[in-house]
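Below are the chains, spelled out letter by letter.
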Amino acid sequence: MYSPVVDPSKKHYGANFWDSYSNKINRDVHFYSDLEYDHWIHIETNPNVVDFCEKPMKIKGIIDGKIHETTFDMWIKWKDGNEEFIEVAYNKDVLNRKDTKRRIFLQREWIKNNNRNYRIVDETQVRKQPLLDNLKVILPYTKDFYKLNEISIFSLLRYINEKPATFQELIDNTSQKDVFTFYQNIFYLYYEGKINFNIEEQHFNYLTKVWRRYE
């Protein structure tokens, strides 16, 4: 639905430029701040997100008689069909920086006039731990999901139900003794929305709890 807006004022190098590949939308994605990149990790690994676009749209508006431009940081489409535009910003900038306040004002006006959904995401949400660290563990596995063996995935899923089981219990009770293969399969099942972890409670370890997710 959207394509990334290219900002010629942005340079494709530097400590804050991130270039990665999204398995979810099958293309390269680019981010111009560390916070935007960390936010994308949430989106890329969230099984409820079916589509997204970074820098999806540039808009214009008038403030104090002058024309200003701004670009939304992300557009997201959720599994339930809802869509929303996102602004990713540090909380101190939202509260104190004039350019950030101006950007948010323009975006909110456009959202109101076009009857869209909008949300501001700051570092307190993006960098919540241990959630972000755990999602960073999952992310590298996504690039090899196409290589997975369906029989191996199904055989693991058979042992997961509504009653939580630990990683160690699943390894002991299934034929998947190779830890790397186990992690590939278990993270794929999470990525596809088949299971849940206690991902916000502790960093991944052998005692991490897993249970079946039913729609």
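Note that the structure is a prediction, hence the values are computed from the model and not measured.

Here we look at the pairing of strand β1 (residues 18-22)
Next up, step 1: Of the pairings in the sheet, the one linking β1 to strand β2 (residues 27-31) comprises 5 bridges and is antiparallel in character. Across the sheet, the residue bridging to Ser20 is Val29, located in β2.

Digging into the side chain of Ser22
Next up, step 1: By the element assignment, Ser22 lies in strand β1.
Next up, step 2: You can call Ser22 buried: its relative accessible area is 0%.
Next up, step 3: A distance of 2.6 Å separates polar atoms of two side chains, one belonging to Ser22 and the other to Glu44.
Next up, step 4: When residues no more than four places from it in sequence are discounted, the contact partners of Ser22 are Arg27, Val29, Trp40, Glu44 and Phe52.

Re the packing of helix α6 (residues 150-157) against helix α8 (residues 179-191)
Next up, step 1: Running from N to C, α6 and α8 point in directions that differ by 75 degrees, and their axes come no closer than 10 Å. What the angle tells us is that α6 and α8 run roughly perpendicular. Listed contacts from α8 to Ser152, Ile153, Leu156 and Leu157 of α6 are Thr181, Phe182, Asn185, Ile186, Tyr188 and Leu189.
Next up, step 2: A breakdown of the residues in the contact of α6 with α8 according to their chemical character gives 7 nonpolar, 3 polar and no charged.

Description of the sheet that holds strand β6 (residues 74-78)
Next up, step 1: Spatial ordering of the open sheet is given by β3-β6-β7-β8, a layout of 4 strands whose pairing is mixed. Edge strands, defined here as strands with exactly one partner in the open sheet, are β3 (49-54) and β8 (118-121). Within this sheet the neighbouring strands show an average axis-to-axis angle of 25 degrees, counted without direction.
Next up, step 2: When strand β7 (residues 83-88) meets β8, the two strands line up parallel, connected through 4 bridges. Of the residues in β8, the one forming a bridge with Phe85 is Tyr118.
Next up, step 3: Contacts from helix α3 (residues 98-114) reach β7 and β8 within the one sheet, and its direction differs from that of β8 by about 155 degrees.

A look at helix α1 (residues 34-44)
Next up, step 1: Here α1 lies mainly inside the structure; 10 of its 11 residues are buried.
Next up, step 2: Within α1 the residues assigned to the buried category are Leu35, Glu36, Tyr37, Asp38, His39, Trp40, Ile41, His42, Ile43 and Glu44.

Brief notes about the pattern of salt bridges
Next up, step 1: Taken as a whole and assessed by the stated rule, the structure comprises 15 salt bridges.
Next up, step 2: When the shortest N-O distance is used, the salt bridge between Glu84 and Arg119 registers 2.6 Å. Here Glu84, found in strand β7, pairs with Arg119, found in strand β8; they are 35 residues apart in sequence, far enough to count as distant.
Next up, step 3: Note on Glu84: relative accessible area 11%, which makes it buried.
Next up, step 4: For Arg119, a relative accessible area of 29% gives the class partly exposed.
Next up, step 5: The shortest N-O distance in the salt bridge between Glu109 and Lys112 comes to 3.4 Å. In this pair, Glu109 and Lys112 both sit in helix α3, 3 residues apart, roughly one turn of the helix.
Next up, step 6: Since its relative accessible area comes to 29%, Glu109 is described here as partly exposed.

Focus: the packing of aromatic side chains
Next up, step 1: The final tally for this structure, using the stated rule, is 24 aromatic pairs.
Next up, step 2: Measuring from centroid to centroid gives 5.4 Å for Phe17 and Tyr32, while their planes differ by 55 degrees, and the two rings are tilted. One end of the pair, Phe17, is in the segment before β1; the other, Tyr32, is in the loop between β2 and α1, and 15 residues separate them in sequence. Note on accessibility: Phe17 and Tyr32 belong to one class, buried.
Next up, step 3: One aromatic cluster in this structure is built from Tyr141, Phe167, Phe180, Phe182, Tyr183, Phe187, Tyr190, Phe197 and Phe204.
Next up, step 4: Over the ring of Tyr191 we find Lys24, and its NZ or CZ is 4.9 Å from the ring centre.

Overview of unusual backbone geometry
Next up, step 1: For the bond from Gln129 to Pro130, the omega torsion is 5 degrees, close enough to zero to count as cis.
Next up, step 2: Of note, Pro130 is situated in the loop between α4 (123-126) and α5 (131-142).
Next up, step 3: Phi is positive for Lys55, which is not a glycine, with a value near 50 degrees.
Next up, step 4: When you line up the elements, Lys55 lands in the loop between β3 and β4 (58-63).
Next up, step 5: Overall, Lys55 belongs to the buried group, its relative accessible area being 13%.
Next up, step 6: Backbone geometry at Asp64 places phi at a positive 55 degrees, although glycine is not the residue there.
Next up, step 7: In this structure, Asp64 sits in the loop between β4 and β5 (66-71).
Next up, step 8: Classification of Asp64 by relative accessible area gives exposed; the value is 76%.

Calculation rules
- Residues numbered from 1 in each chain as written.
- Predicted model: local features only at pLDDT ≥ 70, side-chain atom pairs only at ≥ 80, totals over all residues.
- Heavy atoms only, no water.
- Pairing = 2+ DSSP bridges.
- Helix = DSSP H or I, 4+ residues; strand = E, 2+ residues; numbered from the N terminus.
- Buried < 20%, exposed > 50% of the residue type's maximum accessible area, 1.4 Å probe, protein only.
- Polar contact = N/O pair within 3.5 Å; in protein donor to acceptor, adjacent residues only side chain to side chain.
- Contact = heavy atoms within 4.5 Å.
- Axes fitted to C-alpha atoms, helices over the stretch in contact; angles between N-to-C directions.
- Parallel < 35°, antiparallel > 145°, perpendicular 65-115°, else oblique.
- Nonpolar A, V, L, I, M, F, W, Y, C, P; charged D, E, K, R; others polar.
- Salt bridge = Lys/Arg side-chain N within 4 Å of Asp/Glu carboxyl O.
- Phe/Tyr/Trp six-rings, centres within 6.5 Å; stacked < 30°, edge-to-face > 60°.
- Lys NZ or Arg CZ within 6 Å of the ring centre and 35° of its normal.

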